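Structural characterization, general
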Amino acid sequence: MSFSADVHLSGVRASRRRAGLPSRLPNRTEHAIGALPSGRQLPGRVRPGGDAAEPRSKGLPMSRMTLSKALSLGQIQAWYQPKVSVDSQRLAGAEALARWLHPELGLLAPAAFLPWFSHHGLDEALLMHMLKEALNIQEEWRQRGIQVPVSVNLPTHLLNDVFLPDRLLNRVRELQGRTRCITFEILESSNTLTARVLLRGASRLVSMGFGLAQDDFGIGYSSMRRLSSLPFSELKLDRSFVHGAARVDRQAATVLASIRAGKRRGLAVTAEGVETPEDLAFLRQAGCDYAQGYLFAKPLSAADMNVWLAATGAGRPGLAG
């Protein structure tokens, strides 16, 4: 099977350029983060509960029956984007991202269908499907002696249901998975009814052994408040701030402030949207732990992820990272 060059790490290692830190930084980390745009809507994601109106997405309207059928037939697939160590560039994990292999329209990106899942109240059905996909491929990897942690996106408003953590744990047990190898990424694009409800749900997930990451940090609901009050193990920086940070001082200051905020709380920090060796060099100097982006690999089907593991040597037996 052919494989595009953008999944190899050699281009990163060959880079000779170094990115300098900006000369001036904000006096307070919170000041820099507080200046971030808020309430911006991510493609393919909607706010808690959704509006009564239909999603404003391109393409044909999608019925609840169509979406449910796509799940049951396995047309909705988990594709995996590798997460690598900024220092060693070794595989540290992967994020499971939804793709729809439509029988007539071909491969559909998330923005074309995720809003419809929310519109029809199918967010949890999709979450459970993605978790099952991740657990199945982890079992396949374990049989080959490879252990790769996988993260799954969790729409925050689902934690309004006090029993959701129990259902997630039951799914893991049913498939003989390991909670310590699953991280739930709490999306910034939705919220629970109250902060107390969110704390309750997040704390229960952590007590069950799951990892907990704040996804898309800086773009949505009260980033600093969440970071201070919830038991996160990881902070993920949104690509809109990471991409080009080596060239734009204001972006660089925002990224640095976010990294410092995470480090002060003992969190691992992952930068999303890393596409150039210059940005990677900047992140290394800034003390970022992990990176995700097209510099290493685009989101890959399960089959292509296995090819990537073999091509990069990341598929050797042992724990990733």
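Refer to the structure printed above.
Scanning the protein chain from terminus to terminus reveals 12 helices and 11 strands. Each of the 321 residues in the protein chain was classed as buried or not, and the buried ones make up 52%. Nonlocal contacts in the protein chain, meaning residues at least 24 apart in sequence, comprise 75% of its contacts between residues at least 6 apart. Accessible area for the protein chain stands at about 14,900 Å²; split by element, carbon and sulfur atoms hold 51% of it.

It is worth spelling out the nonpolar core at this point. Phe113, Leu154, Leu168, Phe184, Val274 and Trp308 are the most contacted members of the largest nonpolar core, which has 83 residues in total. A per-element tally of this core places helix H5 (residues 123-143) first, with nine residues. Ignoring anything within four residues of it in the chain, the contact list for leucine 168 reads Leu127, Met128, Leu131, Leu154, Phe184, Leu205 and Phe210.

Turning our attention to the packing of H5 against helix H6 (residues 164-174). Where H5 contacts H6, the axes come no closer than 10 Å and their chain directions differ by 30 degrees. On the basis of the axis angle, H5 is roughly parallel to H6. Viewed along their axes, H5 and H6 form a crossing whose handedness is right-handed. On H6, the residues that touch Glu124, Leu127, Met128, Leu131, Lys132 and Leu135 of H5 are Leu164, Arg167, Leu168, Arg171 and Val172.

Criteria and cut-off values
Residues numbered from 1 in each chain as written. Predicted model: local features only at pLDDT ≥ 70, side-chain atom pairs only at ≥ 80, totals over all residues. Heavy atoms only, no water. Helix = DSSP H or I, 4+ residues; strand = E, 2+ residues; numbered from the N terminus. Buried < 20%, exposed > 50% of the residue type's maximum accessible area, 1.4 Å probe, protein only. Contact = heavy atoms within 4.5 Å. Areas by Shrake-Rupley, 256 points an atom, 1.4 Å probe, with all protein chains shown as cover. Core = buried A, V, L, I, M, F, W, Y, C linked by side-chain atoms within 4.5 Å. Axes fitted to C-alpha atoms, helices over the stretch in contact; angles between N-to-C directions. Parallel < 35°, antiparallel > 145°, perpendicular 65-115°, else oblique. Left-handed = near helix turned anticlockwise from the far one by under 90°.

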